[in-house]
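# A structural walkthrough
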Amino acid sequence: MRTENAPVIRLEDYRPTDFLIDKVSLDVVLEPTATRVTAVLAVRGNPAGRPGSPLVLQGDELKLLAISLDGERLAPNRYKADPQGLAIEAPLPEAFTLTIETEINPSANTKLMGLYRSSGIYCTQCEAEGFRRITYFLDRPDVLSVYTTRIEAARDDAPLLLANGNLIERGEIAGTNRHFAVWHDPFPKPSYLFALVGGRLDTLAETFITASGREVEVAIHVEAGKRDRAAYALDALKRSMRWDERVFGREYDLDVFNVVAVSDFNMGAMENKGLNVFNDKYVLASSDTATDADYAGIETVIAHEYFHNWTGNRITCRDWFQLCLKEGLTVFRDQEFSSDERSRPVKRIADVRGLRRQQFAEDSGPLAHPVRPRSYREINNFYTATVYEKGAEIVRMLRVLIGADAFRRGMDLYFAHFDGTAATIEDFLGCFAEASGRDLTHFAQWYEQAGTPVVTAAGHYDPAARSFRLDLTQKTPPTPGQAEKQPMVIPIALGLIGESGRELTLTTAEGNLIENGLFVLDGASASITFTGVDERPVPSLLRGFSAPVKLETDLAEADLFVLFRHDSDGFNQWQASQTLATRFILEAVRGARDDVDARFTEALVHFLDQRAESDPAFAAQVLALPSEADIAREIGRDIDPAAIFDAHMMVKSRIGAALGERLEALYAKLHSSAPYSPDAASAGRRALRNAALSLIAAGDPAAGEKLAGTQFKDADNMTERFGALAVLALIPGSGREEALAAFAARYRDDPLVLDKWFALQASIPEAETLERIKDLMRHPAFSMGNPNRVRALLGSFAMTNATQFNRPDGKGYDLIAETVITLDRRNPQIAARLLTAFRTWRMLEAGRREKAEAALRQVAASPSLSPDVADIAGRSLQ
């Protein structure tokens, strides 16, 4: 395993750079295999740096053509250069102009980092360390520069030329078929936010009027022939801009805002200043090609990248250890936007489902790390659910803790104090301490300590004294490098529900219950006694999921039914139904249950009668059982994925059978012949209809197959068509294969839709799926060179198909290990992310654990591994 090129970078070793680069002028002459980049850098010594130091610039696979200082070509003995770096000997002037000319081959750049050419389009991806693949540079986020970029290309090859900032000049080059464009970004930014695009793209543009009356051209650029599928993304962008003005007081600051969608992209999207580059998965949508979930995803990602304009661009992070400062905060902002645009309870449930599935799993395995890690070998491997989703939860807890008004004042202070700077977590929290008057030193532990705290709650009711005592404890399990844990600050939003179903008044003598039913657990244990309690209460804890913790309670099933029927908090009403279903499935795994409590199915019928029409999106969430991954996380050790699958299917089939007639009536009632609309209400109706169909098929496969077959043939939108196909995929036989073939034939020329087809087949929980995947890897629409295809087929298999990835014979592990080794030579980032599928391998039962470890060791022993894959393999085996 090669690790010599990946030294450990530590937060404690941070020091300011010795030089600053105030201005960058780039001249990029685009050619498919020999692009020339001339960088003119205005360099000066950093007052906070070390005087008399050499200038050391980073590179990555660069070819140096020329270098000069203040117009004089540097003598060879004044510098040392290789493809990975450039060092210029001291002494150097206090301020000087450095001109560097490099040559790169965009067409050969299969890593899709830096400047690359794919599908005929020149594109950049510079976060985290891609700019050094374009020119030698101080490629770190605390070096902020004003960029002017001139791009030149053959007009036939790249009629559209885009870069950061505002367009200041364009023209033809006389006597040639070439043209140029010059872009200037007046706002200083780090190199990771640089962007350039050149290609043949179709454009959809409109004018947005800001709150102050400025006109901004907002435009979506897509590959030729796809313009009609960009309208929703453009609408989401304008709504995001208006929301940020209204909720955070942030107005857009340039004359143009460009979004470019490309089909070959390692990430979801990138927030480059004024020129966002997107994976086309998060831009392109039509009723025939995109599901409701796709529309919601587009809305979220468009908003996320736009919101980075202030939380990430105008204020960036001092170093990569502060990554959560921009990502966690911006995830929180996009979650709030989507909650306002759609249903807040439903959005919260969806976010928590994702947090538990991804981040809780990460926190429980060898890849666990703090939200602000203290060290890393490869920063690309820390774009994780912990940094993003748990980072967002910390911001949400902060707002819960200090209140919405103080939170807004703190955000205003943050923008006022740190605009145009590279900030730290301490800078961020200091603004909220100032705004609220609270000491947030203890709260800051959330950024430093890995692991998911476990909060245990026990209640004691004294009817004679009319009092109820709630005892709370917390404990965080050990994680790699952190054996000893300290108590966290955990805001617990709570209520008390009487057995009669009424909400009880919260009265306490201790004085430690604050406004809006919030109790702060900041020690290892605490108790709170409520007085004047006239009936035995059922505590409703962590309302709205007020903290990212695992909650263990002593609630009986009867108590959970009270919460499910009567809790006024939507999240906890849903959580009660999930906890009941989880208990049934766990009992089935242990062999202690082969049916479902009739009280549960009766409660579901009652719930559907009350909420199916008024809130179908919420009802769909209730009908969706806890996932197999949720059950595995509850078991925690010696996991047998096959046993979990069988238990899960048993419970689902029993519920489907018990509710069959009610579900079929609901399914029929939810049919609509109205034209498709992606609005929240219509999406909620379709979600509930598909959830009902899934349960019907589980309870009666023949009836489900018939209904799904009809829905598949008659559907006029992708949500219903693919929802039906997903049901058919779980029913072996000719009906499934005919539907899969028909879907592939219909969408044979649409790669994004075929990704759904790949992913669905990879998720089929049958022994034959492994061979099916190998066959699909030979399908003409599949390419190991396209990240979306890899994620769809192989990522879906490894991340979602628990029974087949974790086959007892180890062949699922072998397939992924072999793929990672092959893919690593082409695209290390995608290979490393695929390898994280092994993150919970130590939780498996002994036989599977042995096979998984062998596959990991096969990867680790492979020669010439990239730092990306070597890091994941090494940490997984620690």
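Here we summarise the structure given alongside this text.

Glancing now at the side chain of Asp569. You can see Asp569 is positioned in the loop between helix 9 (557-566) and helix 10 (570-589). Polar side-chain contacts of Asp569 include one of 3.2 Å to the backbone nitrogen of Gly544. Apart from the residues lying within four places of it in its own chain, the contact partners of Asp569 are Arg543 and Gly544.

Remark: helix 10 packs on helix 14 (residues 641-658), axes separated minimally by 8 Å, with the N-to-C direction vectors making an angle of 130 degrees. When the axes of helix 10 and helix 14 are compared, the pair comes out oblique. Like other packed secondary-structure pairs, helix 10 and helix 14 cross with a definite hand, here right-handed. Facing Phe584, Ile585, Ala588 and Val589 of helix 10, the residues of helix 14 in contact are Ala643, Ile644, Ala647, His648, Met650 and Val651. Of the residues in the contact of helix 10 with helix 14, the class split is 9 nonpolar, 1 polar and no charged.

Read from one edge of the open sheet, 8 strands run 6-5-9-3-2-12-15-14, paired in mixed fashion. The outermost strands of the open sheet, each flanked by one partner alone, are strand 6 (72-73) and strand 14 (166-172). Here strand 12 (residues 145-154) runs beside strand 15 (residues 178-189); their pairing, made up of 9 bridges, is antiparallel. Bridging from a neighbouring strand, Ala154 pairs with Arg178 of strand 15.

Our next topic: the pairing of strand 17 (residues 201-209). Pairing analysis gives 9 bridges linking strand 17 to strand 18 (residues 215-223), with the strands arranged antiparallel. Note that in strand 18 the partner of Ile209 across the bridge is Glu215. The loop that links strand 17 with its antiparallel partner strand 18 comprises 5 residues; one of these, Gly213, has a positive phi angle of about 95 degrees.

Further remarks concern the packing of aromatic side chains. Taken as a whole, this structure holds 39 aromatic pairs when the rule is applied. For the ring pair Phe584 and Phe600, a centre distance of 5.4 Å and an interplane angle of 70 degrees mean the geometry is edge-to-face. A residue pair is termed long-range when its members are at least 10 positions apart, and Phe584 in helix 10 and Phe600 in helix 11 (residues 598-611) qualify at 16 residues. Exposure remark for Phe584: the relative accessible area of 0% places this residue in the buried category. What makes Phe600 buried here is its relative accessible area of 2%. Residues Phe758 and Phe782 carry aromatic rings whose centres are separated by 5.9 Å and whose planes lie at 80 degrees to one another, so their mutual orientation is edge-to-face. Of this pair, Phe758 sits in helix 20 (residues 751-762) while Phe782 is found in the loop between helix 21 (769-776) and helix 22 (787-800), placing the two residues 24 residues apart along the sequence. For Phe758, a relative accessible area of 0% corresponds to the buried category. Phe782 sits in the buried class, given a relative accessible area of 8%. Three or more aromatic residues joined by ring pairs form one cluster here, namely Trp310, Phe332, Phe407, Tyr414, Phe415, Phe418, Phe428 and Phe432.

Another point: the pattern of salt bridges. Within the structure shown, the criterion is met by 80 salt bridges. Between Arg150 and Glu152 there is a salt bridge, with its nearest N and O atoms 3.2 Å apart. Since its relative accessible area comes to 13%, Glu152 is described here as buried. Note that Glu613 and Lys669 form a salt bridge whose closest N and O atoms lie 2.4 Å from each other.

A word on the pairing of strand 2 (residues 19-29). The sheet contact formed by strand 2 and strand 3 (residues 35-45) spans 10 bridges and is antiparallel. Bridge assignment links Val29 to a residue of strand 3, and that residue is Arg36. Here strand 2 folds back onto strand 3, and the loop between the two strands holds 5 residues. Note that strand 2 and strand 12 share 7 bridges and pair parallel. Across the sheet, the residue bridging to Val28 is Ile151, located in strand 12.

Take helix 4 (residues 344-363) next. Along its length, helix 4 reaches its greatest deviation from straightness, about 35 degrees, at Arg356. Burial analysis of helix 4 places 15 of its 20 residues in the buried class, the great majority of the element. If you check the start of helix 4, you find a side-chain oxygen 3.3 Å away from the backbone N of Val346, and it comes from Ser343.

A few words now on the nonpolar core. Residues Leu98, Tyr414, Phe428 and Phe443 are the most contacted members of the largest nonpolar core, which totals 164 residues. Residues contacting Tyr414, with those up to four places away along its chain left out, are Ile315, Leu325, Leu329, Asp419, Ala423, Phe428 and Cys431. Counting residues in each nonpolar core, the second largest holds 119 residues, with Phe571, Leu608, Ala729 and Leu776 among its members.

What counts and how
Residues numbered from 1 in each chain as written. Predicted model: local features only at pLDDT ≥ 70, side-chain atom pairs only at ≥ 80, totals over all residues. Heavy atoms only, no water. Helix = DSSP H or I, 4+ residues; strand = E, 2+ residues; numbered from the N terminus. Polar contact = N/O pair within 3.5 Å; in protein donor to acceptor, adjacent residues only side chain to side chain. Contact = heavy atoms within 4.5 Å. Axes fitted to C-alpha atoms, helices over the stretch in contact; angles between N-to-C directions. Parallel < 35°, antiparallel > 145°, perpendicular 65-115°, else oblique. Left-handed = near helix turned anticlockwise from the far one by under 90°. Nonpolar A, V, L, I, M, F, W, Y, C, P; charged D, E, K, R; others polar. Pairing = 2+ DSSP bridges. Phe/Tyr/Trp six-rings, centres within 6.5 Å; stacked < 30°, edge-to-face > 60°. Buried < 20%, exposed > 50% of the residue type's maximum accessible area, 1.4 Å probe, protein only. Salt bridge = Lys/Arg side-chain N within 4 Å of Asp/Glu carboxyl O. Bend = angle between axes of the 7 residues up to and from the residue. Core = buried A, V, L, I, M, F, W, Y, C linked by side-chain atoms within 4.5 Å.

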